[in-house]
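One-letter residues, chain by chain:
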Amino acid sequence: MEIIFGRNKKEQLEPVRARVTGKIPAWLQGILLRNGPGMHTVGETRYNHWFDGLALLHSFTIRDGEVYYRSKYLRSDTYTANIEANRIVVSEFGTMAYPDPCKNIFSKAFSYLSHTIPDFTDNCLINIMRCGEDFYATTETSYIRRINPQTLETLEKVDFRKYVAVNLATSHPHYDAAGNVLNVGTSIVDKGKTKYVIFKIPAPVPGGRKEGRSPLKDTEVFCSIAAHSLLSPSYYHSFGVTENYIIFLEQPFKLDILKMATAYIRGVSWASCLAFHGEDKTHIHIIDRRTRKPVPTKYHTDPMVVFHHVNAYEEDGCLLFDVITYEDGSLYQLFYLANLNEDFKENSRLTSMPTLKRFVLPLHVDKNAEVGSNLIKLSSTTARALKEKDDQVYCQPELLYEGLELPHINYAHNGQPYRYVFAAAVQWSPIPTKIIKYDILTKSFLMWREEHCWPAEPLFVPTPGAKDEDDGIILSAIVSTDPQKSPFLLVLDARTFTELASASVDVEMHLISMGCSSQMQAGTGKQALPRRRRPGLPPDGGPKNLTAWRLWSWGPAPPSSRLSPPRGRCRRGGPSFHFALILSAAALSQHSENRTHLYLFFHFILAVRTLLESQSNIY
Ligand SMILES: CC1=C(/C=C/C(C)=C/C=C/C(C)=C/C=O)C(C)(C)CCC1
Ligand SMILES: [Fe+2]
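Residues numbered from 1 in each chain as written. Chains lettered and ligands numbered in written order. Predicted model: local features only at pLDDT ≥ 70, side-chain atom pairs only at ≥ 80, totals over all residues. Heavy atoms only, no water.

## What about the packing of aromatic side chains?
Per the stated rule, a full pass over the model turns up 26 aromatic pairs. On the numbers, 5.6 Å between centres and 85° between planes, the contact of phenylalanine 93 with tyrosine 332 is edge-to-face. Placement of the pair is phenylalanine 93 in the loop between helix H1 (77-85) and helix H2 (105-114) and tyrosine 332 in the loop between strand E25 (318-326) and helix H4 (344-347), with a sequence separation of 239 residues. The class of tyrosine 332 is buried, set by a relative accessible area of 6%. One aromatic cluster is present, built from ring pairs that chain together Trp50, Phe51, Phe93, Tyr235, Phe253, Phe307, Tyr326, Tyr332 and Phe335. The ring centre of tyrosine 143 lies 4.3 Å from the NZ or CZ of lysine 157, which sits over that ring. Sitting above the plane of the tyrosine 420 ring, lysine 437 keeps its charged end 4.5 Å from the centroid. (Phe/Tyr/Trp six-rings, centres within 6.5 Å; stacked < 30°, edge-to-face > 60°. Helix = DSSP H or I, 4+ residues; strand = E, 2+ residues; numbered from the N terminus. Buried < 20%, exposed > 50% of the residue type's maximum accessible area, 1.4 Å probe, protein only. Lys NZ or Arg CZ within 6 Å of the ring centre and 35° of its normal.)

Here's what the structure looks like:
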């Protein structure tokens, strides 16, 4: 287990040629990009959570039936700062780090204050996003890092906040046929409001005035949704789109902003500020893409937690959307490294099975319909939507399949009617051992499995000119718990789920099992062929048509998520060193019932912080 989760992985800077068995379809050409955590120990310090690990980028270059593999750590500012200090100095999801234990009282105070609304990490380890011709490694903070998809070099750091007021943003954007990118982020207590902001990065126009300029510069706010609570916005990991609508779930899995503002001084991680509120409902926000406004009906459902939207579409005046649901927010708890050991199976038991559910919402609610009546008349589903008073609708989903995660579809069907879900099959453990093709129409499935093998999220690549939804191949990177078996790239026929080929590489590959991977664009056809620079080696330049995917994903929490300061003369100070204001804020946020006072107090802290910032040259 340690080998798979916790041990630092070596980079494979020189491309290695894989041993291919079977036959890779000649049309499959391009680069498959992947991302995930590769390093969990720096010097003598160790991260607490698997999601904290430093991003390791991977690529599989597929050309003329051959496969080359390489990997490189993302040279994020976080990576550089950690490596230079030879310890973890930047806080991550499950680990709070203290960079400057030797600072004087003023700089400590400043450091605490700047953690009220912190500058989060740029360790972009979750996904790869495509924007025009540019590729970015992404996480869920406001930072993304451009990368060179051929060499895996790290390029500039981009802060979404430069273009749109978001502190957090998902790693699962959507793309339309023209290449526009749509994403959602959270704007925390900005001008007295907390909002979910849907933003659009327009596709560059070929030959247009803007050619060569980063599309990010043209990022625009598409619309925003006011959060139900100013200080507890929902956490979300993805969202859904159809041709005319955007689906955003405001779920009762919430970030506590006051806890976050005081986490640094309390020595707890960001993860500890995230909690499931089983007493609240899940609000389903629907935005009309034509008017850029929420539809007037207020939809809601029972409390649940969703990480992955599968797909959504419109049919006969209804909006259908499929998501993988949990009964609580404990999934992220399972990925504390302390639990990912030999007793992993016992420690990492899910409290609820990841379940594929279909929600169906009536787009136009008949004002005269009786309260309590079911507004869904579609014969294809058992999902219901019950009319309530005051334009409210309570949605009851149809259960489609229990035990799958990391869903993928043929992205040509995104927002459109579709039939197949490709996913990792999981039971009571969040680590998948099988790949599944689930047929929504017949409710039947096909599985691929091999002993000791842990597959990553399956990625669908369509055959050029394909007409059928499942005419294509499935790619998945597989690691094995059997030390005798090398990691390999699996190629399946998506229709029959039979193995077409596998390409094994004798390198240490990190686990990508619970990955969130996403396809950017299939590299198909000869025009996508990279030019050879040296015979036998994959090129560093060339292909424009790339398939990119990132990888990922998911124990009880360790006793403390605080990272101890380094041993030495200068330990982090006790309370006497702490700035009185912040201490009181911490105390208040834990004990006070009166959130209004806290809110005012929070603003006071922000004001002091702003003042200190303006004086920051004195520190
Ligand atoms: C650092 C940081 C965050 C990081 C979250 C991460 C890293 C989530 C990873 C999720 C994955 C991999 C899910 C797969 O299904 C938050 C909580 C957004 C906010 C505070 C700062
Ligand atoms: Fe994901």
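## Concerning the sheet that holds strand E8 (residues 127-131)
With antiparallel pairing, the four strands of this open sheet are ordered in space as E8-E9-E10-E11. If you trace the sheet from one side to the other, it starts and ends with E8 and strand E11 (154-159), each paired once. Averaged over all pairs of adjacent strands, the angle between their axes in this sheet comes to 35°, without regard to strand direction. Across four bridges, the pairing between strand E9 (residues 134-138) and strand E10 (residues 143-147) is antiparallel. By the bridge assignment for E10, threonine 138 is matched with isoleucine 144. (Pairing = 2+ DSSP bridges. Axes fitted to C-alpha atoms, helices over the stretch in contact; angles between N-to-C directions.)

## Some words on the pattern of salt bridges
This model, assessed by the stated rule, comprises 26 salt bridges. Between lysine 367 and aspartate 391 there is a salt bridge, with the nearest N and O atoms lying 3.8 Å from each other. Of the two residues, lysine 367 is situated in the loop between strand E26 (355-362) and strand E27 (384-387) and aspartate 391 in the loop between E27 and strand E28 (392-396); the sequence distance between them amounts to 24 residues. For aspartate 471, the salt bridge identified is with arginine 495, shortest N-O distance 3.8 Å. Highlighted residues: aspartate 471 in the loop between strand E35 (459-462) and strand E36 (472-480) and arginine 495 in the loop between strand E37 (488-493) and strand E38 (499-504), separated in sequence by 24 residues. (Salt bridge = Lys/Arg side-chain N within 4 Å of Asp/Glu carboxyl O.)

## Regarding the pairing of E9
For E9, a buried count of five out of five residues is recorded, marking the element as mostly surrounded by other parts of the structure. Pairing of E8 with E9 involves five bridges; the strand directions are antiparallel. Pairing of isoleucine 128 across the sheet is with alanine 137, part of E9. Here E8 folds back onto E9, and the loop between the two strands holds two residues, one of which, glycine 132, carries a positive phi near 60°.

## Some remarks on the environment of phenylalanine 60
Along the chain, the position of phenylalanine 60 falls in strand E6 (residues 54-63). When the C-alpha atoms of phenylalanine 60 and leucine 33 are compared, they prove to be 6.6 Å apart, with 27 residues separating the residues in sequence.

## Looking at the UniProt feature "binding site: Fe cation" (unreviewed entry) in the protein
Under the local residue numbering, the UniProt record ascribes the feature "binding site: Fe cation" (unreviewed entry) to His172, His237 and His308. In sequence the annotated residues extend across 137 residues, while in space they remain close, none of their C-alpha pairs exceeding 8.8 Å. Position of histidine 237 relative to the elements: it lies in the loop between strand E16 (220-226) and strand E17 (240-241). The class of histidine 237 is buried, set by a relative accessible area of 4%. (UniProt positions renumbered as here; feature names shortened; annotations may be inferred.)

## Comments concerning the sheet that holds strand E24 (residues 305-315)
The strand order across the open sheet built from four strands is E24-E25-E26-E29, with neighbouring strands paired in antiparallel fashion. A single partner strand is all that each edge strand has here, and the edge strands are E24 and strand E29 (398-402). Shown here is a sheet whose adjacent strand axes are inclined to one another by a mean of 20°, direction ignored. Two strands pair when backbone bridges link them, and E25 and E26 are joined in this way by eight bridges, in the antiparallel orientation. Its bridge partner being in E26, aspartate 322 is matched across the sheet by arginine 358.

## Details of the pairing of strand E21 (residues 282-288)
Most of E21 is tucked away: seven of the seven residues are buried. The alternating pattern of E21 places Thr282, Ile284, Ile286 and Asp288 and His283, His285 and Ile287 on opposite faces, both of which are buried. Pairing geometry for strand E18 (residues 245-250) and E21, over six bridges, is antiparallel. Bridge pairing links phenylalanine 248 to histidine 285 in E21. In terms of strand pairing, E21 meets strand E22 (residues 293-294) through two bridges, oriented antiparallel. The residue bridging isoleucine 287 from the neighbouring strand is proline 294, located in E22. In this antiparallel pair of consecutive strands, E21 and E22, the connection spans four residues, and arginine 292 shows a positive phi of 60°.

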